[in-house]
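Close look at the chain arrangement
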Amino acid sequence: MNDRNRDTLNRALAGDSGGLSRREALRLLGASAGLAGLGACQQPPSKKILPYVNRPADVTPGMPDYYATSMVLDGFATGLLIESHQGRPTKVEGNPEHPASLGKAGVLEQASVLGVYDPDRATQISHRQVVSSWPAFVREVARHGPSQGLRFVLPPQSSPVLADLVDAIAGHHPGARFVYHSPVSRKEAYRATQAIYGTPLEVQRDFSRAKVVVSFEADFLATMPFSVRAAHDYGKRRHLAAPDGDMGRLYVVETVPSATGSVADNRLRSRSRDIWRIAAQVVSALLAQQAQGLPPALARQITAAAGSVGPWAQAVARDLLRYPGESIVVAGDAQPAATHLLAQVANHILGNVGKSVWLTAPAILDPLGDHDLAGLVSEIHAGAVDRLIILEGNPVYTAPADLEFERALARVRQTAHVSLFDNETSAACKWLVPAKHYLESWGDARAYDGTISFVQPLLRPLYAARSVIEVLGLFSGRAVISDHELVESYWQSRRPIGASFRSWWQTHLQRGVVPDTAAPRATAQATWAQAGAILASAPADGDSLEIRFPVSPAVYDGRFANNVWLQELPGTVTRLSWGNALLVSPATAKAMRVSDTDVVTVERAGRRVRAPILEIPGHADGVVSLYLGYGRRGSERAARGVGTNAYLLRTTDADSFARDVTVTRTGEHHDLALAQLHWDLHDRPIAFSTTAAIYRANPDFTERARGPAPSLLPNYGRSGNQWAMTIDTGICTGCSACVIACQAENNIMVVGRKGVMGGREMQWLRIDRYYKDPSKPDPEVIHQPMLCQHCENAPCEYVCPVNATVHSPDGLNEMVYNRCVGTRFCSNNCPYKVRRFNWFEYADPSIRKLQRNPDVTVRDRGVMEKCTYCVQRIRRAEIAANLGHRDLRPGEVQTACQQTCPTGAIQFGSLSHPDTDMVRWRQQPRQYDCLHEVGTRPRTQYLAKITNPNPEIK
């Protein structure tokens, strides 16, 4: 088309015909189309593409593969199975053969798959903020040669390969030192066992054997090492025993309500600094009945420290004495060594050691931290450090504030940081080497019980990244080789005698774990040599305001703060996302004359931060709490500026809690992204709970919320499998691993802080948290996983004007996305409010899209979406069964939430399989339908929470 015709046509399209007829306009358009086609014929010939016919071995297009690997957190490995689609990891599951997971996975493990695709990862090696290269870094390392002033900082480690490299580096650099730093320190636990046995030991626990468990601020079901395994064992025993058998009891003493505390039978609120004295009172009450094997001087010291023993401690001690060898007393990592010592004293008195509790050598290197950050900073100021290599940690952000680590770092001549992100520490170092994600790395590690696990990559590194052991290998005096060669060569020299290495190696890589490698039980005898000194170092009493620094259940210590799934995950009890807040009890808030969203200044020892207030029932009085992991200032866009940095108030003498804190009102307000604003049941039949004693007297207490099981309605004409779900709220801890698993499986988008505040979160599965009696200072908590109920009489179906929500022959409430026009009538008519409307273009265009599950449609804006019972898994299993000319087997289909749930609270299956837990659970008298009175007849049913409080404790 020439310029004249183009101008004429443009005027016509703009409304100025200028005498141009419709026929002439169409003629011009046709001419332009023809000319365009003619021009295309003059382009270079296209290249042929090759069909996916000669594919790699063991790869079937459209079918996922699963590979075993391990995720290591602060030195402890958790065995995982990673789902991969044509070389693209998309989903994390637990490894059934690994003792730390037993087929389950926690929140951090489930969310870790998104980390490999984080668009903010460091991508290139740089020197002084200028792009460099790996060879240049290798030359820099080689240029200096052996050095007396070489120091390394890295997280706690249990890798045998890394331990071998540490020995090699010590031989090549005689003055080299290693500092193993994590803000979530376990040093106090090791100090206690050293005081008792003369050497630091790991305390192992079997919660499946414990009828009574006493926790002193130990969140062993969610945030402690081996917590997935502990939750599995505890949940299984608790469900099998409840409510007709011997349920046992869980006692929890804590400051901040936790996942473990939310399922306690008896919970006691206390300031952190007072918990050791409550432990002393329990032990003192035990000693009054039984004191064999304990030095008399130590027994007298404990009794004196306990002072007057209250009725709570007396009742707990009597309960413990009923089950010698079948109880566990455990202290949390944030507690001082005195509390850990007293917990182990109690286990000795009760005969638990060697039965429900036993001891092993620690899996991690340098458990007592003989070289710590404080010592390193002193060496730097003394001029003894000329090279500092920081591997994967972020000490500029996490180090105690009084160390002023960033200022000390500037005094070191050569510094390097190996990190996933260009974060606070990277900015302060001269070299930045991008780190491999664990799904890109080769390695090994030990689980909490000592079992050896392998780490193998699921994909080649996306960027110019290196693993920790590759960087350490540069300093060992050995040839520069890859992490794969380092791991394989190490284990080749340590294979079982007479075994073929290649067969041994491939077998255990495939399984992800080396069986029978758990640490043997230690034979150390209790000498109690330093026990008195540990007790004497316990925190002193006082009335000043205390501040507690708990680890975040979502972003941990801050290393996962750029994971948008975790940022948007509501807190277990707080229901807060996208940031932290200063948590206070209602009584403390009233005394300070503050309320929710009030911004206050928190000051301690001349250091201050600002944070909004959030009142939490069940929080201890006289103390405020601020979760770690927020207030980041690195290059991570999702994490930067979100929340308050609690590390600014932590010091070397107060890393878990501190006293002498002042809180001052500023008169400002900061809105919080709360996912749940209403938490009172108001006697509505939503979530049921009662005590074991009441249940045994009246097992039909949920009768008003029960009806006939879902049946085949004649007008549906259904046959075959009928899918349903049963959830036991009695063992649900609210950990939210199911929420993240659902998000990963079903391509669920995040909406950001403003979206959550507007009530537009997209998660198909939420955990509703209710208080049974919110007027009490410490009310009972009920967690109720809420998802599409797949109602037989679904209110959403008959109001949809375009028939987009329909019922399938196997009982699923389905959404036909390309029919939906976004009227939202279905959402308005849903009494459970589990349907999600895609208001905006939430789809992430970044590299994160590589995580998406190809079996699940990615929804566009303007459509309704919701839980589908993981229909893609159902159909895949049905196809496999049809190809095998067989029926589906019981348990062959697992939803994402069921598969990951650490306690096993979620059970899914077909009603035609009566021998499954899902069906058997529905036959218990405590079964109920949520909102039964509206007549929806849901396929998802619940079991009421049954607690077993000690009747002696009022």
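Structural data are supplied above this passage.
Residues numbered from 1 in each chain as written. Predicted model: local features only at pLDDT ≥ 70, side-chain atom pairs only at ≥ 80, totals over all residues. Heavy atoms only, no water.

1. A few points about the side chain of His98
How we decide: Under the DSSP-based scheme used, a helix requires at least four consecutive residues in state H or I and a strand at least two consecutive residues in state E, with every element numbered from the N terminus. Between N or O atoms, a polar contact is any pair within 3.5 Å; within protein, one atom must be a potential hydrogen donor and the other a potential acceptor, and residues adjacent in sequence are included only when both atoms are from side chains. We call two residues contacting when some pair of their heavy atoms lies within 4.5 Å.
Checked against the element boundaries, His98 lands in the loop between β3 (88–94) and α3 (107–115). Among the polar contacts listed, one links the side chain of His98 to the backbone nitrogen of Ala100, at a separation of 3.1 Å. Those residues in contact with His98 that sit more than four places away from it in its chain are Ala77, Thr78, Gly79, Ala447, Ser453, Gly512 and Val513.

2. Some thoughts on empty space enclosed by the protein
Selection rule: Only protein atoms enter the 1 Å grid used here, on which a cavity is any set of points holding a 1.4 Å probe that cannot leave and a pocket is any open set flanked by protein within 12 Å on both sides along at least five of seven lines; residues with an atom within 4 Å of a point are listed as lining. Grid points are joined across faces, edges and corners, and a volume is the space filled by probe spheres set on the points. Asp, Glu, Lys and Arg are counted as charged, while Ala, Val, Leu, Ile, Met, Phe, Trp, Tyr, Cys and Pro are counted as nonpolar; the rest, among them Gly, fall into the polar class.
Overall, the coordinates contain 13 cavities of 30 Å³ or more when judged by the stated rule. Where the lining of the largest cavity is concerned, the elements lending two or more residues are β1 (65–73), α3, α5 (160–172), α14 (395–398), β17 (443–446) and α17 (468–474). In the lining of the largest cavity, the residues fall into 19 nonpolar, 21 polar and 9 charged.

3. Re the sheet that holds strand β38 (residues 940–943)
Under the convention used in this document: At least two bridges found by DSSP between two strands is the condition for calling them paired.
In spatial order, the strands read β36-β29-β38-β37; together these 4 strands make up an open sheet with mixed pairing. Pairing within the sheet leaves two strands with one partner each, and these edge strands are β36 (906–910) and β37 (927–928). Where strand β29 (residues 723–728) and β36 come together, 5 bridges link them in antiparallel fashion. Opposite Trp723, over in β36, you have Ser910 as the bridge partner.

4. As for unusual backbone geometry
How we decide: Only protein chains enter the area calculation, which uses a 1.4 Å probe; residues under 20% of their type maximum are buried, those over 50% are exposed, and those in between are partly exposed.
Despite not being glycine, Leu102 has its phi angle at roughly 50°, a positive value. Tracing the backbone through its elements, the reader meets Leu102 in the loop between β3 and α3. With a phi close to 75°, Thr597 is a non-glycine residue in the positive phi region. Looking at where Thr597 falls in the secondary structure, it is placed in the loop between α22 (586–592) and β22 (598–604). Since its relative accessible area comes to 23%, Thr597 is described here as partly exposed.

5. Observations concerning the state of the cysteines
How we decide: Disulfide assignment relies on a single distance test, namely cysteine sulfur atoms paired within 2.5 Å.
For the coordinates displayed, the defined rule picks out 0 disulfides. Summary of cysteine pairing: Cys800 is not part of a disulfide, and the nearest cysteine sulfur, belonging to Cys826, is at 6.3 Å. Given the relative accessible area of 19%, Cys800 is considered buried. Cys867 forms no disulfide, and the closest cysteine sulfur to it belongs to Cys788, at a distance of 5.7 Å.

6. Observations regarding the packing of α5 against helix α18 (residues 483–492)
Under the convention used in this document: Axes here mean lines fitted to C-alpha atoms, for a helix over just the part in contact, with angles spanning 0 to 180 degrees between N-to-C directions. Angle categories are assigned with fixed cut-offs, so that under 35 degrees is roughly parallel, over 145 is roughly antiparallel, 65 to 115 is roughly perpendicular, and the rest are oblique.
With their axes 10 Å apart at the nearest point, α5 and α18 run at an angle of 90° to one another. By the angle between their axes, α5 is roughly perpendicular relative to α18. Contact with α5, carried on its side by Pro160, Val161, Asp164 and Leu165, involves Leu486, Val487, Tyr490 and Trp491 of α18 and no other residues of that element. Looking at side-chain class alone, the contact of α5 with α18 contains 7 nonpolar, no polar and 1 charged residues.

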